[in-house]
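Observations on the three-dimensional arrangement
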Amino acid sequence: MARSALTTTAAAFTATAALLLTACGGGGDDAPSDDIKGAGAGSPSATASAPDANRPDVRLPEDLELVFDFEKPSDVDAAAALDDAANYIRALNHGITEQNAKDPAYRFYSAAGAARYAESQIKEYVDGGWTLTGEDRYYQAETSPAGEAEKAKTILVTFCEDQSKAYGKEVKTGKVHRTEESLASYQKFSILMASQQDSPVWRAQQITVEGKAAECRG
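Presented here is a report on the structure given in the accompanying data block. (Residues numbered from 1 in each chain as written. Predicted model: local features only at pLDDT ≥ 70, side-chain atom pairs only at ≥ 80, totals over all residues. Heavy atoms only, no water.)

In this fold, Ser185 is placed in the loop between β4 (176–177) and β5 (186–196). Take Ser185: its relative accessible area is 8%, and that puts it in the buried class. Beyond its immediate chain neighbours, meaning those up to four positions away, Ser185 contacts Glu161, Asp162, Gln163, Ser164 and Glu180. (Helix = DSSP H or I, 4+ residues; strand = E, 2+ residues; numbered from the N terminus. Buried < 20%, exposed > 50% of the residue type's maximum accessible area, 1.4 Å probe, protein only. Contact = heavy atoms within 4.5 Å.)

Glancing now at unusual backbone geometry. Although it is not a glycine, Gln140 sits at a positive phi angle of roughly 55°. Position of Gln140 relative to the elements: it lies in strand β2 (residues 130–148). With relative accessibility at 44%, the residue Gln140 sits in the partly exposed group. At Asp198, a position not held by glycine, the phi torsion is positive, near 70°. Examined against the element boundaries, Asp198 turns out to sit in the loop between β5 and β6 (203–211).

The end-to-end C-alpha separation of helix α2 (residues 76–98) is 32 Å, in line with the 33 Å expected for 23 residues at 1.5 Å each. For α2, the tally of buried residues reaches 19 of 23 residues, placing the bulk of the element in the interior. For α2, the N-terminal cap is Asp75; the gap from its side-chain oxygen to the backbone nitrogen of Asp77 is 3.1 Å. Once α2 finishes, Gln99 follows within two positions and takes phi at roughly 55°, a positive value. (Expected span 1.5 Å × (residues − 1). Polar contact = N/O pair within 3.5 Å; in protein donor to acceptor, adjacent residues only side chain to side chain.)

The structure is reproduced here in structure tokens:
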């Protein structure tokens, strides 16, 4: 039950970054507010616990573990963007396990294309009667500045995923469908993260997922 892969180019990310600087977090009833006060996210390699301040609960069932094997960047903004990229992934999985395509968790940690991607992925699981179980591992994280403006800044976060120990589970019966490790078990994520001025929260704006990512295997 791998998540669907999307493809784009680095140039497309760069082109959209400037637009997102003036648009991230705003517009429409579904857009999350950037007027947030509270502590930042914890280490991305740690297990998510109870929500901090106004941050949503992204805890997962005991039979699903997300492992974020990330080295924390020395740059404060890069570290915060990486933390919240991990929280976006947690929130996406939270929506799947809660069987809620409108789950407030992913809507808090994303906007624009990244929010649409999360909703579509969750909806696929809900419509198919599936959830997830096992261990999902994320690693080889990198961050790079993508631009900044008067009221916002962006950072591109990339990392690999190993789904070989994560399995689909039927919601109604609880039956687990185990699959063998293969190249299809590996994906590479590129997520454009943005933060409004004076906000501790970084939100995913755009995302691409490369399936069968050979560079992530081994």
